[in-house]
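Structural features, examined
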Amino acid sequence: MKFFIDTADLKEISEAHALGVLDGVTTNPSLMAKSGITGQQNILAHYVKICEMVEGDVSAEVIATDFAGMVREGEMLSELHPNIVVKVPMIADGVKALKYFSGKGIRTNCTLVFSAGQAILAAKAGASMVSPFMGRIDDTNWDGVSLIEQIVGIYGNYGFATEVLAASIRSSLHIVQCAEVGADIVTCPLSSITGLLKHPLTDVGLEKFLADYRKGNPV
Ligand code: E4P
């Protein structure tokens, strides 16, 4: 399972990268705004900076919502760096754009997916990745991980090449649940990745090992 970080914050990207387990980055317009990156030129320059920091896919989202605009923007984004994956929303013109980009060999991530039906459409249109937002589904008191499992099963039935990228991850437990149901990729906040490190018995065990070592090897 690939690990992407879901942020536009360069410090967080660098921290996750330093752990040695980072396979890519996803961003969206809200994450860009949260990091204070505004204005098209600044946003484009920021994508390039991210691509230069991480060896792996970097999702860059189109702002246009009409087919011609998405094609124009997506082509421009894909020319920024070979690792750019064009993020396209799950709307009718988005599906047409996914099909267009797939024919041109431009890799895509279909975003804002909340149902198995939407995921089937994205795969039929040739999306490289599909992003079901499991955390936002959990927020509505429904079951996000069941949707991931359902999509993984359906894609398996037909051998779709589209990768299931579990998005809107809220916790380390979500990452483990995604691994259990066979998600190809998880995109997570830094805290969910570093949360995987933590177990109280690890800390207690390490403290005891070091204390015992110090007893036999006083300074
Ligand atoms: C990822 O590609 C999505 O943009 C992201 O995971 C959304 O997460 P959120 O629900 O925490 O905003």
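Everything that follows concerns the structure shown earlier in this document.
First, a word on scope: everything that follows refers to the structure included in this document. (Residues numbered from 1 in each chain as written. Predicted model: local features only at pLDDT ≥ 70, side-chain atom pairs only at ≥ 80, totals over all residues. Heavy atoms only, no water.)

**Overview of unusual backbone geometry**
If you check the backbone angles, Leu112 has positive phi at about 65 degrees while not being a glycine. Mapped onto the fold, Leu112 is located in strand S5 (residues 108-113). Positive phi is not limited to glycine here, since Ser168 has a value of about 60 degrees. Take Ser168: it is sitting in the loop between strand S7 (163-166) and helix H9 (172-181). (Helix = DSSP H or I, 4+ residues; strand = E, 2+ residues; numbered from the N terminus.)

**Some words on helix H6 (residues 116-124)**
Within the sequence span of H6, burial applies to Ala116, Ala119, Ala122 and Ala123. Taken around the axis of H6, the buried residues stretch over an arc of 115 degrees, which confines them to a single face. Elements that come into contact with the buried residues of H6 comprise helix H5 (92-104), S5, strand S6 (129-132) and helix H8 (144-158). (Buried < 20%, exposed > 50% of the residue type's maximum accessible area, 1.4 Å probe, protein only. Arc of directions from axis to C-beta. Contact = heavy atoms within 4.5 Å.)

**A few points about the sheet that holds strand S2 (residues 24-26)**
Spatially, 8 strands are ordered S1-S2-S3-S4-S5-S6-S7-S8 in a closed barrel, and the strand pairing comes out parallel. With direction set aside, neighbouring strand axes in the sheet form an average angle of 30 degrees. With 2 bridges connecting them, S6 and S7 associate as parallel partners. Looking across to S7, one finds that Met129 is bridged to Glu163. (Pairing = 2+ DSSP bridges. Axes fitted to C-alpha atoms, helices over the stretch in contact; angles between N-to-C directions.)

**Points about the nonpolar core**
Looking at soluble globular proteins, one finds that nonpolar side chains tend to be buried together. Counting 58 residues, the largest nonpolar core has Ile5, Leu77, Val130, Tyr155, Ala166, Ile169 and Val186 as its most contacted members. Tallying contributions element by element places H8 first for this core, with 6 residues. Excluding residues within four positions of it along the chain, Tyr155 makes contact with Ala119, Ile120, Ala123, Val130, Phe160, Thr162 and Val164. (Core = buried A, V, L, I, M, F, W, Y, C linked by side-chain atoms within 4.5 Å.)

Any link to function would need more than the numbers given here.
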